[in-house]
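Analysis of the macromolecular model
Residue-level listing of the chains:
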Amino acid sequence: MAEVVKKPQKSGSKRFIEFFGSMELAITLLATLAVASVIGTILQQNQSYNDYILKFGPFWFELFEKIALYDVYAAIWFLSILVFLVLSTSICVFRNAPVFLREARHFRTNVQLKSLKTFKHQKEWQTDYSVDDVVVMGSKFFNYLGLKFRPSKGDGYQLIAAKKGGVNRWGYILTHMGVIIICIGALFDSKIPMMISEWSGNLKPETRNISASKVPDISRIPPSNASFRGNVQIPEGGSANIVFLNVRDGYVVQELPFAIKLKDFRVEHYSTGAPKSFESDLIIIDDKLDKPIEATIAVNHPFIYRGFALYQASFADGGSKLDLNLWSLKDKPGTSVNKKSAVFDEFKINAGGETLTAEMNDFRLFNIQGVIQDDGSTKQTNIGPSITYKLRDASGVAKEFVNYMVPVTSEGVTTYLSGVRSDATQPFMYLHLPVAENGVEKFMQLMQKLSDSKTIEKAATTTVARTMGQASISNEKLAADISHSMALLVKQFLTGGYEEVVNGVKSKVPEDKQKEVVETYLKLLQSVIGTVYETMLIEQGQKSIENSDWAWFDMALQAMNTLPYYGAPIYFELASFEHIQAAGIQITKSPGQDIVYFGCVLLMIGVFFLFYINPTRYWLWLDQQEGKTRILLAGVSHRHTRDFEKQFDKAVEDFDTALNREKR
Amino acid sequence: MSVTKNEMFDELEKPGILSKINIKDWLWFALLTVAVVTTLTLYGALMDEYEVGILIGVGLLTAFVGWYWKSAAVFSVYVGIFSLFSLWLYGDSLAAGEQNFFLKFLLSSQSAFAWMGALFFLSTAAYFLGLFANSQFALNVASRMTWIASGFGFVGLMVRWRESYLFNPEYGHIPVSNLYEVFIMFCIITAMMYLYYEKLYKNKNMGGFVLLVISAAVGFIYWYASKGAADIKPLVPALQSYWMKIHVPANFVGYGAFAMSAMLAIAYLIKDKYNNNSVVQRIPDLNIIDDIMYKAIALGFAFFTIATILGAMWAAEAWGGYWSWDPKETWALIVWLNYAAWLHMRLTKGWRGAPMAWWSIIGLFVTLFAFLGVNMFLSGLHSYGEL
Ligand code: HEM
């Protein structure tokens, strides 16, 4: 207070400014920002927290969460670096701009001969022209060089100071102001207001998967919010007046001051099947409008309404209506019930002695896959519509299925495909059902026949009679025994495929005979089922049995062989559908965008001024010495000394030529 | 004295930019005007106003580059002639590419790229031969071959553009849409930039170093093509934008310039360390290399700034936000910050010499990761060119 400070101490604010405006800090910040940015590119951002736990284990997960690594670019520490960079740049501009501008304006007419003589680029002449004459010449000369100049008089001398490229100094200001303005603009569009309401407890992200209307107020943001970027899926015919904003592993609901209705959504495809365009026809319904506006958006062609920009972001199923036949595979094989369902529906079914929940997940109209052609090449082909559904048992364990509606040809065989997997990370395993005119029905009919033990026994008897007849053995008891065990064989096959039959043999027959017995059994099995099949066809009115029928039969046997591993007591056949799509619309409001663009323009212009306009200065010093006029030409450039060397040499040459013209 | 002081500078006075341009320059401008106008009359109906703007912009830019650098004007004329010749040979059928001798062996995009690659390899060897054997002849040959290789690359890209339409009118697009195509552009741009500085500094002994990185890129192109990357594929919806046509090339001026500066940095470090060696003495002076390095980074930085800004504007239109911290964007920012720091060190702290050379070599790795590594290792919104 009253104490006298001995050493002239710098004031606090001055030191503050010096520190923040220092180049060292600026470079450090640039480097830190670069390194920090890397983190977010290596660690995938904003994934579900469960994925992170699985990946890192609980300890690291928590640590990473504490330092906000899952949303680095919104982390306090990251934003702080940005703020410091803006601060540092601002102070830098604040300090330098006045100096630089003064410098750019001034001609530096106060130089002394002594200092000009120390310049690297200089040249001296002696001439008979008067000083005043040379001043006129000099003016013309600088005009010729395209420089601005200012003559001045001193004590016994005259001086013309010239300069060019002062705009370069403006380049510095524009570049750095550009950076500052970009950051300020970005601040307007940042999540900071949302983060503040979260800290102050006014906002709490929702993590449950519930419908938007059920989301409580604490997780909703009113339409007045100035800046956001969110997504919503709207089914065809449906509408929405909200979007979802992702917040870490949850979301909040942003309300809109108007509603958007999706009239139609279209995907166009290239001939390869790859998508060519996504388009949505929207209707905007707003109290402020006399009548709704219609607009079409597509990728790269957004629509802007009241400062809200609407983008075509993605697409999905919008709850397509599905007409299903649920074929029983276990309880009453070969029978079906019809079920009207839709994508996103859930319903319960009793099958195979348990209650399963069916969750209809998705419908896809197009499935583009590489299909191997006859010539061995692969061609991207559309293999038709499919449904995806899950069957969940009472304990919550689910299997996922994908069923194709139309037959698919792969490796030369055309079948109905049904894929199954119990783990989303695994590929699907496929069941191939043989194709008939009536779809899968023919196969199901055969299954029904095979489930009836009387039919089997009858077929077995016929088969045995036929075989024994051939071998002319007539032993009724033996025949009955054999047909009984054959019926058993069929049952074994239907419950466990060929493998079950083989295992049955292995448990009863000595090892050296096994192979032979298995072969016989399989042959018998096939002929029994074949008999059932033949009978069925004849019952259905077929006159003769063709080779093609037997080809179908081979495929049916293969399907039966894999059926026990299919993992579901029921098969969903998609009989028909009504395709309803949903468009993923992204809606943003970014008041900072124009500010950012303005900053970008400054930055672009500034950078070119900085690099490509080279500030240079020349001086022409004139005085009288021993009856002659002494001329001293000196020059200096801000940088690019190599280029300037050439320029200066050329200038000297020109001046020299002009000065000595009459001598030529 | 026969000349008055007022007359002394008369014949020198006020040259102005226009009087510096001679008749040849005007012819050049006229030629480009004709080219642009012809293109507009032929295809104007198919272009939107942005594309018309881009075309005129490209015309003006080419005029400017040609005025500034005469060889580039001559080069463009050749590229134009050969491109038109190939298009004429193609006519309306892609099959001509297999049947016509010139197309099959010289000018179809695949052949042109093959020639480009082979010539770049050869010129790399010739530049080094020239340096080691002190043969101006070898250097001159190398320089010629680099020009011709760039010409083949350029013509190849023009032809590929047409081929994409012949292949399937729906697929047609400018060949800057995937990693394969932009790598070819990278080779051409880097080579041309080098040729400019070679002329400016009248020294061809640095050529081998720059051509090395181009050869590496050619190697990559061959490997990548062997995995089917050369196939012409349709554009995904996100890339169907006029922004692509300017964003991508601007980016590659940046990448090319940064790559060149890094290769010169290697030359710099070798020169710095082994200057007693008679071969090394032929490499230009340290301050010349340093000067080119600075200019290359400045040019790269300027274009990279523009490219990133254009990218942001495109993103705003395609993804709904000018900045999403997508890995590709973020790495572009990292590259940009890195060179911003480099420039500051040089300009405000006056750093020169070996540390800056090392820094630009490190810069190349950062750059490389941004335009290759991101596509290989990281997933994001940038959908083109996954390996
Ligand atoms: C992201 C932020 C920044 C960018 C993109 C940027 C960009 C640039 C560029 C391109 C140059 C020209 C270099 C050259 O001509 O070779 C430059 C020069 C300069 N920058 Fe920055 N800068 C940034 C931040 C800063 C900060 C924070 C400071 C202050 C500490 C600063 C101080 C300077 C100074 C003093 C010059 C030299 C101007 C001159 O004498 O011509 N810059 N800057």
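Notes on the structure in this doc start here. Residue positions are counted from 1 within each chain, in the order its sequence is given. The lettering of chains begins at A and the numbering of ligands begins at 1, in the order of writing. Under the rules for a predicted model, residues below a pLDDT of 70 receive no local features and side-chain atom pairs below 80 are neither given nor counted, while totals for whole chains, interfaces and linings still include all residues. Hydrogens are left out, water is left out, and the side-chain values use all remaining heavy atoms of the structure.

Before going further, it helps to spend a moment on the overall build of chain A. In terms of regular secondary structure, chain A is built from 15 helices and 26 strands. Since a compact globule built from 664 residues should have a radius of gyration of about 26 Å, the 43 Å found for chain A marks it as more spread out than a globular shape. Along the first, second and third principal axes, the C-alpha set of chain A runs to 150 × 70 × 60 Å. Throughout this description, buried means an accessible area under 20% of the type-specific maximum (1.4 Å probe, protein chains only), exposed means over 50%, and partly exposed covers the range between. Burial status across chain A gives 45% buried among its 664 residues. Partitioning the intrachain contacts of chain A with sequence separation of at least 6 by distance along the chain shows that 61% fall at a separation of at least 24. Every accessible area reported is derived by Shrake-Rupley at a probe size of 1.4 Å, with residue values counting cover from the shown protein chains alone. Here chain A displays about 35,100 Å² of accessible surface, and carbon together with sulfur accounts for 56% of that area. In this count, Lys and Arg are taken as positive residues and Asp and Glu as negative ones, while His and the chain termini are left out. Charge positions are represented by NZ for Lys, CZ for Arg, CG for Asp and CD for Glu. Distance between charge centroids for chain A: 11 Å, based on 72 positive and 71 negative side chains. The way it works is that DSSP assigns letters per residue, a run of H or I at least four long becomes a helix, a run of E at least two long becomes a strand, and they are numbered from the N terminus. The globule rule used here is 2.2 Å times the number of residues to the 0.38 power, and the radius of gyration it is set against is calculated over C-alpha atoms. Should any heavy atoms of two residues lie within 4.5 Å, those residues are considered in contact.

So, about the interface of chain A and chain B. Across the boundary between the two partners, chain A contributes 64 residues, which contact 67 residues of chain B. Summed over both partners, the accessible surface that disappears when two parts come together, traced with a 1.4 Å probe, is what is meant by buried area. When chain A packs against chain B, the two sides together hide about 5,800 Å² of surface, and 65% of this comes from carbon and sulfur. When a carboxyl oxygen of Asp or Glu lies within 4 Å of a side-chain nitrogen of Lys or Arg, that pair is called a salt bridge. On the surface where chain A and chain B come into contact, there are three salt bridges. A salt bridge links Asp 643 of chain A to Lys 295 of chain B; the shortest N-O distance between them is 3.0 Å. Two N or O atoms form a polar contact when they lie within 3.5 Å of each other; inside protein one atom must be a possible hydrogen donor and the other a possible acceptor, and for residues adjacent in sequence the pair counts only when both atoms belong to side chains. On the surface where chain A and chain B come into contact, there are 14 residue pairs in polar contact (both at pLDDT 80 or more). Mapped onto the side of chain A that touches chain B, the elements with two or more residues apiece are α2 (23–42), α6 (131–145), α7 (167–188), β8 (275–285), β24 (581–589), α14 (593–612) and α15 (641–659) of chain A. In terms of residue class, the side of chain A that touches chain B is made up of 34 nonpolar, 17 polar and 13 charged. Under the convention adopted here, Pro, Cys and the residues Ala, Val, Leu, Ile, Met, Phe, Trp and Tyr are nonpolar, Asp, Glu, Lys and Arg are charged, and Gly plus all remaining residues are polar.

Here the focus is the sheet that holds strand β12 (residues 321–328) of chain A. All names here are of chain A. Overall, antiparallel pairing links the three strands, which are arranged β13-β12-β23 in an open sheet. The outermost strands of the open sheet, each flanked by one partner alone, are β13 (336–342) and β23 (570–578). Strand-to-strand twist across the sheet, computed as the mean angle between neighbouring axes with direction ignored, equals 25°. Here β12 pairs with β23 via eight bridges, running antiparallel. Counterpart to Trp 327 in the pairing with β23 is Tyr 571. Pairing between two strands is assigned when DSSP locates at least 2 bridges connecting them. Axis definition: a line fitted to C-alpha atoms, limited for helices to the stretch in contact. Angles are taken between N-to-C directions and run from 0 to 180 degrees.

With that settled, the discussion passes to the packing of aromatic side chains. What counts as a ring pair is set by centres within 6.5 Å for rings of Phe, Tyr and Trp (its six-membered ring), and what kind of pair is set by the plane angle: stacked under 30 degrees, edge-to-face over 60, tilted for all other angles. Per the counting criterion, the structure on display carries 87 aromatic pairs over all chains. Ring centres 4.0 Å apart and planes at 5° place the aromatic pair Tyr 73 of chain A and Trp 325 of chain B in the stacked group. Pair noted here: Tyr 73 of chain A is in the loop between α3 (49–66) and α4 (76–105) and Trp 325 of chain B is in the loop between α13 (286–318) and α14 (327–348), and the two residues belong to different chains. By the ring-pair criterion, three or more aromatic residues cluster together here, those being Phe 183, Phe 186, Phe 220, Trp 223, Tyr 224, Phe 252, Tyr 255, Phe 258, Phe 304, Tyr 339 and Phe 371 of chain B.

All names here are of chain A. The contact between helix α9 (residues 441–451) and helix α13 (residues 547–562) brings their axes to 11 Å, and the two run at 65°. As the angle between them shows, α9 and α13 are arranged roughly perpendicular. Regarding α9 and α13, the two cross each other, and that crossing is right-handed. The residues of α13 that touch α9, namely those facing Lys 442, Phe 443, Leu 446, Met 447 and Leu 450, are Asp 549, Trp 552, Ala 556, Ala 559 and Met 560. Split by residue class, the contact of α9 with α13 holds eight nonpolar, no polar and two charged. Here roughly perpendicular refers to angles of 65 to 115 degrees, roughly parallel to angles under 35, roughly antiparallel to angles over 145, and oblique to all remaining angles. Crossings are sorted by hand: turned counterclockwise from the far helix by less than a right angle, the near helix makes the crossing left-handed, and turned clockwise it makes it right-handed.

A separate point is the site of the ligand. Throughout, near means a residue has at least one heavy atom within 4 Å of the molecule or strand. In the region of the ligand, 24 residues are neighbours, and Cys 92, Arg 169, His 176 and Arg 639 of chain A together with His 344 of chain B sit closest. Nearby residues place the ligand at the junction of chains A and B. In this structure, Arg 169 of chain A approaches the ligand through a side-chain N or O atom, which is 2.5 Å from an oxygen atom. In this structure, His 176 of chain A approaches the ligand through a side-chain N or O atom, which is 2.7 Å from a nitrogen atom. Taken together, the elements giving at least two residues each to the shell around the ligand come down to α2, α4, α7 and α14 of chain A together with α13 and α14 of chain B.

Another aspect to go through is the nonpolar core. Take the buried Ala, Val, Leu, Ile, Met, Phe, Trp, Tyr and Cys residues and link them wherever side-chain atoms come within 4.5 Å; each set so joined is a nonpolar core. Counting residues in each nonpolar core, the largest one holds 164 residues, and the members touching the most others are Met 116, Phe 120, Phe 252 and Met 260 of chain B. In terms of residue count, the dominant contributor to this core is α13 of chain B (21 residues). When sequence neighbours within four positions are dropped, the list of residues in contact with Met 116 of chain B reads Ala 149, Phe 152, Gly 153, Ile 184, Cys 187, Ile 188, Val 218 and Ile 221 of chain B. In this structure, Val 420, Val 464, Tyr 533 and Ala 559 of chain A belong to the second largest nonpolar core, which totals 58 residues.

Let's shift gears to the pattern of salt bridges. Residues and elements named next belong to chain A. Taken as a whole and judged by the stated rule, the model has 27 salt bridges over all chains. For the salt bridge of Asp 654 with Lys 650, the shortest nitrogen-to-oxygen distance reads 3.0 Å. Residue Asp 654 and its partner Lys 650 are both found in helix α15; the two are separated by four residues, about one turn of the helix. Residue Asp 654 is classed as buried on the basis of its relative accessible area of 8%.

Next up on the list: the packing of α14 of chain A against α13 of chain B. Running from N to C, α14 of chain A and α13 of chain B point in directions that differ by 165°, and their axes come no closer than 10 Å. Classified by the angle their axes make, α14 of chain A and α13 of chain B are roughly antiparallel. Once α14 of chain A is placed against α13 of chain B, the crossing between them reads as left-handed. Between α14 of chain A and α13 of chain B, the residues in contact are Gln 593, Tyr 597, Cys 600, Leu 603, Met 604, Val 607, Phe 608, Phe 611 and Tyr 612 of chain A and Tyr 294, Ala 298, Leu 299, Phe 301, Ala 302, Thr 305, Ile 306, Ile 309, Ala 312, Met 313 and Ala 316 of chain B, respectively. Classifying every residue of the contact of α14 of chain A with α13 of chain B gives 18 nonpolar, two polar and no charged.

This part takes up the pairing of β12 of chain A. All names here are of chain A. Of all eight residues making up β12, seven are buried, and the element is well covered by its neighbours. Note that β12 and β13 share seven bridges and pair antiparallel. Bridge pairing in β13 links Leu 322 to Ser 341.

Turning to the side chain of Ser 164 of chain B, a few remarks are in order. Residues and elements named next belong to chain B. Mapping Ser 164 onto the fold places it in helix α8 (residues 136–167). Note on Ser 164: relative accessible area 2%, which makes it buried. Reaching out from Ser 164, the side chain makes a polar contact with the backbone oxygen of Trp 161 at a distance of 2.6 Å. Residue contacts for Ser 164: discarding those within four places in its chain leaves Tyr 171, Gly 172, His 173 and Ile 232.

In this section: the sheet that holds strand β25 (residues 616–625) of chain A. Residues and elements named next belong to chain A. If you walk across this open sheet you meet the five strands as β1-β26-β25-β3-β2, and the pairing is antiparallel. Among the strands making up the open sheet, the edge pair consists of β1 (121–127) and β2 (148–154). Averaged over neighbouring strand pairs, the angle between their axes works out to 15° when direction is ignored. Examined bridge by bridge, β1 and strand β26 (residues 628–637) share seven bridges and lie antiparallel to one another. The residue of β26 that forms the bridge with Gln 122 is Ala 634. Helix-sheet contacts for α6 involve β1, β2, β3 (157–164), β25 and β26, and the interaxial angle to β25 is about 165°.

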